[in-house]
Amino acid sequence: MTKRISSKIARGSGELAILSLLAEQPLYGFEIARQIGERTGGALQFTLASLYPLLYEMEKRGWVEGHWQANQAGRDRRYYRLTTAGRKQLAPLRQEWRSFFQALDSLAGVSHA
Amino acid sequence: MPERMKPDWTELVREHLAVPCMEDVVSELASHLEEIYDDARACGTSDSEAMRIALEQVDDWQALAEEIARTESEEESMNDGTMNHRTKTVLLSAIAVLFGVGLMLLFVDRAALLPRVVWFACIALLLRAAASEVNRLNLRIKSLWLPGFVSLTAASLLMFAEEFVLVHDPSFYFTDISLRPNHLISGLPRWFYILWLLVQVPCGALGAFLSRRNGGTRVARIVAGAFPALTMFFVCGLLIPISAFFEHDAFALSHPSGLALGVLIWAAVPAVALLLGAAPFLKGSTLQSA
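Residues numbered from 1 in each chain as written. Chains lettered and ligands numbered in written order. Predicted model: local features only at pLDDT ≥ 70, side-chain atom pairs only at ≥ 80, totals over all residues.

A.B. asks: Tell me what's going on with the overall build of chain A, and back it up with residues and numbers.
C.D. replies: Along the backbone of chain A there are four helices and three strands. Helices (α) and strands (β) of chain A occur, in sequence order from the N terminus, as α-β-α-α-β-β-α. Counting only residues that meet the buried cut, chain A has 27% of its 113 residues in that class. The long-range share in chain A, meaning contacts at least 24 apart out of those at least 6 apart in sequence, stands at 55%. (Helix = DSSP H or I, 4+ residues; strand = E, 2+ residues; numbered from the N terminus. Buried ≥ 20, exposed ≤ 12 C-beta atoms within 10 Å, placed from the backbone. Contact = placed C-beta atoms within 7 Å.)

Structure (structure tokens):
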């Protein structure tokens, strides 16, 4: 089982994780948190408290856009989709993290075995 | 809490957040907790255990409330460091290009028409950029300088249009009337001038209206409305006499009454017309834009 990554690191990577997911399809908060957990094997986990401030901040920056949508269960959900500005952030963010891992690797040898 | 009784998540979130939050935020967080709770219940977890799992999502409600409030209040300051994407990529680029073209035309094109069109387009884009960044501007810029420049641009544009339509020779009448104010007593120059005075009224109204809309005080609205006349006063009353002095312009210096007349024609009388237009917007309190 993958070890859960500490919340500070998870939060730092949150923007990239959310942008990457939303680049595939619009999702609502609960689903974003669930998919991040599932697709990282539980290593990255976002609670309500860590997810929404980040989402709201990204929304204010104009990277994502939220809109309410009713579902069949009768529960309204706020779906987030990537904006053009958000899509443009994705490539530089990926590159930034790649450089970060390379730097960390050369310093501390943290690349995959 | 009795078994199988669904919690009111909206009420719970509202209570826990302690500080007032937007209803959208409360609903969204409540919906998230509800999904966690329902998920847990669907897996056969007891009601109290599902409740515990849902509430585990937030360690410190106060901290969450503060963080959300901070994000919301950052709306304006966020825009602080980062300029609006369209302003940065489209408007500023277009302004830079037009500015370069305008400068180039000053040197290569003798015709007055094209450079003017370019400069007006440049100013219009600059004002558009300022308008789209209005949340980042301080009150003085929003309520005085920006409306003032809009008023000045409108007045200049209308003078240009008037010259173009009436005499097909941009800048001729402005120059002619400036140098020979006695031409005003008859013929086309007189109608040119009267028409120009008339168009000052909506220009003054525009400046004062925008100033009031952006929260300008009465003084700011007066200055914004009369801005074209103040600019002309600066040009005719200060710039021309000072440059005449330093350039030893014998004609200008020996005819101070001509300079005074210039101030009267291009600044004082238009100021009255501009203030007439501004008058309806000097009353009442400020109307904050949405």
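A.B. asks: Let's hear about the overall build of chain B: which residues, and what values?
C.D. replies: Looking only at helices and strands, chain B has 13 helices and zero strands in total. The N-to-C order of helical and strand elements in chain B reads α-α-α-α-α-α-α-α-α-α-α-α-α. Out of the 290 residues in chain B, the part that is buried amounts to 29%. Counted over contacts in chain B with a minimum sequence separation of 6, partners at least 24 positions apart contribute 67%.

A.B. asks: Explain the interface of chain B and chain A residue by residue, including any values.
C.D. replies: Accessible area lost on assembly of the parts is the figure often given for the size of an interface. Between chain B and chain A, the residue contacts involve 20 residues of the former and 17 residues of the latter. At eight residues, the largest contribution of residues to the side of chain B that touches chain A is made by helix 2 (residues 23-42) of chain B. Classifying every residue of the side of chain B that touches chain A gives six nonpolar, seven polar and seven charged. (Nonpolar A, V, L, I, M, F, W, Y, C, P; charged D, E, K, R; others polar.)

A.B. asks: Provide a residue-level description of helix 7 (residues 139-166) of chain B, including the pertinent values.
C.D. replies: Every α-helical turn comprises 3.6 residues, leaving residues that sit three or four positions apart pointing alike. With 28 residues, helix 7 of chain B should cover 40 Å at 1.5 Å per step; its first-to-last C-alpha distance of 39 Å lies within 8% of that length. Along helix 7 of chain B, the sharpest change in direction is near 25° and occurs at Trp 145 of chain B; proline Pro 147 of chain B comes one to four residues later. (Expected span 1.5 Å × (residues − 1). Bend = angle between axes of the 7 residues up to and from the residue.)

A.B. asks: Pulling in residues and values, what's your account of the nonpolar core?
C.D. replies: Counting 36 residues, the largest nonpolar core has Leu 55 of chain A together with Leu 33 of chain B as the members making the most contacts within it. Setting aside anything within four residues of it in sequence, one finds Leu 55 of chain A in contact with Ile 18, Gly 29, Val 64 and Tyr 80 of chain A. Core analysis: the second largest hydrophobic core is formed by 34 residues, Phe 149, Tyr 193, Ala 220 and Ala 224 of chain B among them. (Core = buried A, V, L, I, M, F, W, Y, C linked by C-beta atoms within 7 Å.)

A.B. asks: Help me get a handle on the sheet that holds strand 1 (residues 27-28) of chain A, residues and values and all.
C.D. replies: Residue and element names in this part refer to chain A. Strand order in the open sheet formed by three strands is 1-3-2, with antiparallel pairing between adjacent strands. Either end of the sheet is taken by a strand with one partner, and the two such strands are strand 1 and strand 2 (64-70). Relative to strand 3 (residues 76-82), strand 2 runs antiparallel, the two being bridged by seven bridges. Looking at strand 3, one finds that Gly 66 is bridged to Tyr 80. (Pairing = 2+ DSSP bridges.)

A.B. asks: Lay out the confidence of the model for chain B in plain terms, naming residues and giving numbers.
C.D. replies: All names here are of chain B. Counting all residues, the mean pLDDT for chain B is 77, and 76% of those residues have values of 70 or more. No element of chain B has a lower mean pLDDT than helix 8 (residues 172-179), which averages 60, and none a higher one than helix 10 (residues 218-225), which averages 91. Note on residues 76-80: pLDDT is under 50 here. Beyond four places in sequence and across chains, it has seven contacts. Confidence drops under a pLDDT of 50 for residues 286-290, and excluding neighbours within four residues, the segment shows eight contacts in the predicted structure. Across the whole predicted complex the pTM is 0.47, and at the interface the ipTM reaches 0.84. (pLDDT = per-residue confidence, 0-100.)

A.B. asks: Outline the packing of helix 11 (residues 227-246) of chain B against helix 13 (residues 256-278) of chain B, listing residues and values.
C.D. replies: All names here are of chain B. Contact geometry for helix 11 and helix 13: axes closest at 8 Å, N-to-C directions at 170°. The angle between helix 11 and helix 13 places the two elements in the roughly antiparallel class. Mapping the contact onto sequence places Pro 228, Ala 229, Met 232, Phe 233, Cys 236, Gly 237, Ile 240 and Pro 241 in helix 11 and Leu 259, Gly 262, Val 263, Trp 266, Ala 267, Pro 270, Ala 271 and Leu 274 in helix 13. In terms of residue class, the contact of helix 11 with helix 13 is built from 14 nonpolar, two polar and no charged. (Axes fitted to C-alpha atoms, helices over the stretch in contact; angles between N-to-C directions. Parallel < 35°, antiparallel > 145°, perpendicular 65-115°, else oblique.)

A.B. asks: How would you explain the confidence of the model for chain A if you had to name every residue and give the values?
C.D. replies: Confidence along chain A averages 84 in pLDDT terms, with 87% of residues attaining 70 or more. Per-element averaging of pLDDT across chain A places helix 1 (residues 7-24) of chain A at the bottom with 83 and strand 1 of chain A at the top with 94.

A.B. asks: Would you mind going over the environment of Glu 96 of chain A in detail, with residue names and values included?
C.D. replies: Residue and element names in this part refer to chain A. Turning to its location among the elements, Glu 96 is positioned in helix 4 (residues 84-108). Classification of Glu 96 as partly exposed rests on a count of 13 C-beta atoms within 10 Å. Residues Glu 96 and Leu 16, 80 residues apart in the sequence, show an inter-C-alpha distance of 9.9 Å.

A.B. asks: Provide a residue-level description of the pairing of strand 3 of chain A, including the pertinent values.
C.D. replies: When a strand is regular, its side chains alternate between the sheet's two faces. Both strand 1 of chain A and strand 3 of chain A contribute to a ladder of two bridges, which runs antiparallel. Residue pairing for strand 3 of chain A: Tyr 28 of chain A is matched across the bridge by Tyr 79 of chain A.

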